[in-house]
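Results of the structural survey
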Amino acid sequence: MHFQTAPHEEVKLVSCVSGAIFDVIFDMRPGSPSYRQSFSVELTAANGRQLYIPKGMAHGFEALTDDVTVNYLISEFYAPGYSSGIRYDDPALGVEWPMPVTQVSDKDLGWPPWELINRGMCLED
Ligand SMILES: Cc1cn([C@H]2C[C@H](O)[C@@H](COP(=O)(O)OP(=O)(O)O[C@H]3O[C@@H](C)C(=O)[C@@H](O)[C@H]3O)O2)c(=O)[nH]c1=O
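Procedures and definitions
- Residues numbered from 1 in each chain as written.
- Predicted model: local features only at pLDDT ≥ 70, side-chain atom pairs only at ≥ 80, totals over all residues.
- Heavy atoms only, no water.
- Core = buried A, V, L, I, M, F, W, Y, C linked by side-chain atoms within 4.5 Å.
- Buried < 20%, exposed > 50% of the residue type's maximum accessible area, 1.4 Å probe, protein only.
- Helix = DSSP H or I, 4+ residues; strand = E, 2+ residues; numbered from the N terminus.
- Pairing = 2+ DSSP bridges.
- Axes fitted to C-alpha atoms, helices over the stretch in contact; angles between N-to-C directions.
- Phe/Tyr/Trp six-rings, centres within 6.5 Å; stacked < 30°, edge-to-face > 60°.

So, on to the nonpolar core. In this structure, Met1, Phe26, Met28, Ala58, Ile86 and Trp114 are the most contacted members of the largest nonpolar core, which totals 16 residues. For this core, the secondary structure elements donating two or more residues are strand 3 (20-27) and helix 2 (114-121). When residues of this core are assigned to their parent elements, the largest contribution, four residues, is made by strand 3. One finds Ile21, Leu51, Ile53 and Met57 within the second-largest nonpolar core, a separate group that totals nine residues.

Another point: the sheet that holds strand 5 (residues 50-53). Spatially, 5-2-7 is the arrangement adopted by the three strands of the open sheet, whose pairing is antiparallel. A strand with exactly one partner marks an edge of an open sheet, and here the two such strands are strand 5 and strand 7 (69-74). Between one strand axis and the next, the sheet turns through 20° on average, direction left out of account.

We now examine the packing of aromatic side chains. In the structure shown here, the tally under the stated rule is three aromatic pairs. Consider the rings of Phe22 and Trp97, whose centres lie 5.8 Å apart with planes at 70°: the pair is edge-to-face. A residue pair is termed long-range when its members are at least 10 positions apart, and Phe22 in strand 3 and Trp97 in the loop between strand 8 (83-85) and helix 1 (106-109) qualify at 75 residues. Ring geometry for Phe26 against Trp114: centres 5.0 Å apart, planes inclined by 85°, an arrangement best described as edge-to-face. Placement of Phe26 in strand 3 and of Trp114 in helix 2 is noted, with a sequence separation of 88 residues between them. Judged by its relative accessible area of 0%, Phe26 is buried. Overall, the relative accessible area of 1% leaves Trp114 in the buried class. By way of ring pairs, the aromatic residues Phe22, Tyr88 and Trp97 are connected into one cluster.

What follows is the structure, encoded as structure tokens:
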């Protein structure tokens, strides 16, 4: 589950132009009514749905078919030093991935737990 930290947070508009994905966002915005909640939606080439992702969300997806192509519009330039993430199976996310997770990159297995990230981002919590 990826995000860029301040001052390089990104708005994203995501669609799946071939195949199908289970797309997930997690709200990391203190004060938001959906703070610490996840939302998921199936994006497929056939349903043509797009997900608008505001700043302050972590985002990730699971491919549900072979030969998936995901399209992003992103509001900011890539800022490698400000890339961060949360492990897909972090209990704080509460995400039930619909298919067995068979491949995750080493980078994505190495993200810290949400609670540690949260303490750094939100000192008053
Ligand atoms: C995201 C990105 C990566 N890169 C480079 C860095 C690295 O060498 C290679 C792969 O990067 P990543 O491992 O971050 O790629 P990836 O895992 O596909 O990252 C993406 O994941 C999904 C869930 C998102 O929400 C996206 O915003 C983005 O974070 O591409 C760019 O040059 N520009 C970019 O905008």
